[in-house]
Amino acid sequence: MDKKAQHNSEIVKQFSKQAIPFTKLPGHMDATQLLISFSKVDATDNVIDVACGPGLVVCEFAKHCKEITGIDITPEMIKLAKDRQRGKGIRNILWNIGDAYPLPYADNTFSLVITRYSFHHFLNPGEALKEIVSFPIE
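Residues numbered from 1 in each chain as written. Predicted model: local features only at pLDDT ≥ 70, side-chain atom pairs only at ≥ 80, totals over all residues. Heavy atoms only, no water.

Caption draft 1: Inspection of the pairing of strand 3 (residues 93-97) at higher detail. Pairing of strand 2 (residues 67-72) with strand 3, which is carried by five bridges, proceeds in the parallel orientation. The residue bridging Ile-71 from the neighbouring strand is Asn-96, located in strand 3. One crossover worth recording links strand 2 to the parallel strand 3 by way of helix 4 (residues 75-88), and it is right-handed. (Pairing = 2+ DSSP bridges. Helix = DSSP H or I, 4+ residues; strand = E, 2+ residues; numbered from the N terminus. Right-handed = clockwise from strand over helix to strand, strands pointing away.)

Below you can see the structure in the form of structure tokens.
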């Protein structure tokens, strides 16, 4: 197993254990409202949340955009995210299990890219950033 695959396997293992406690951490929603405000998201945006975890941010952004996609490498996080979406009756969300780099989407698919609490978990944060933005990072 290569280094990235080994790292990703450990991430999935650890976050599968932490999925439920992560959803209950205090302060998450306060920070989410700041992220919404700073992003200037509007009803025309097609948004992606990279490393979306249990969908806390996605479900809040869904109130302000046309459509939002959440992607996370941990199946248990996506399961919790789908449960959250169902519980809130939100319809403009898509979920995918997948890696942050490479992302399984064509360039310029999204008008807004968000991520929170994620970069310190990436084996190569520079590669993840290059994947997220549509212009070269030097």
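Caption draft 2: Structural view of unusual backbone geometry. In this chain, Tyr-101 is followed by Pro-102 through a cis amide linkage whose omega measures 0°. Within the fold, Pro-102 resides in the loop between strand 3 and strand 4 (112-114). Positive phi values are uncommon outside glycine, yet Lys-40 reaches one of about 60°. Structurally, Lys-40 is set in the loop between helix 2 (28-39) and strand 1 (46-50). Lys-40 sits in the exposed class, given a relative accessible area of 68%. With phi around 60°, Ala-51 is a residue other than glycine that occupies positive phi space. Tracing the sequence through the fold places Ala-51 in the loop between strand 1 and helix 3 (56-61). (Buried < 20%, exposed > 50% of the residue type's maximum accessible area, 1.4 Å probe, protein only.)

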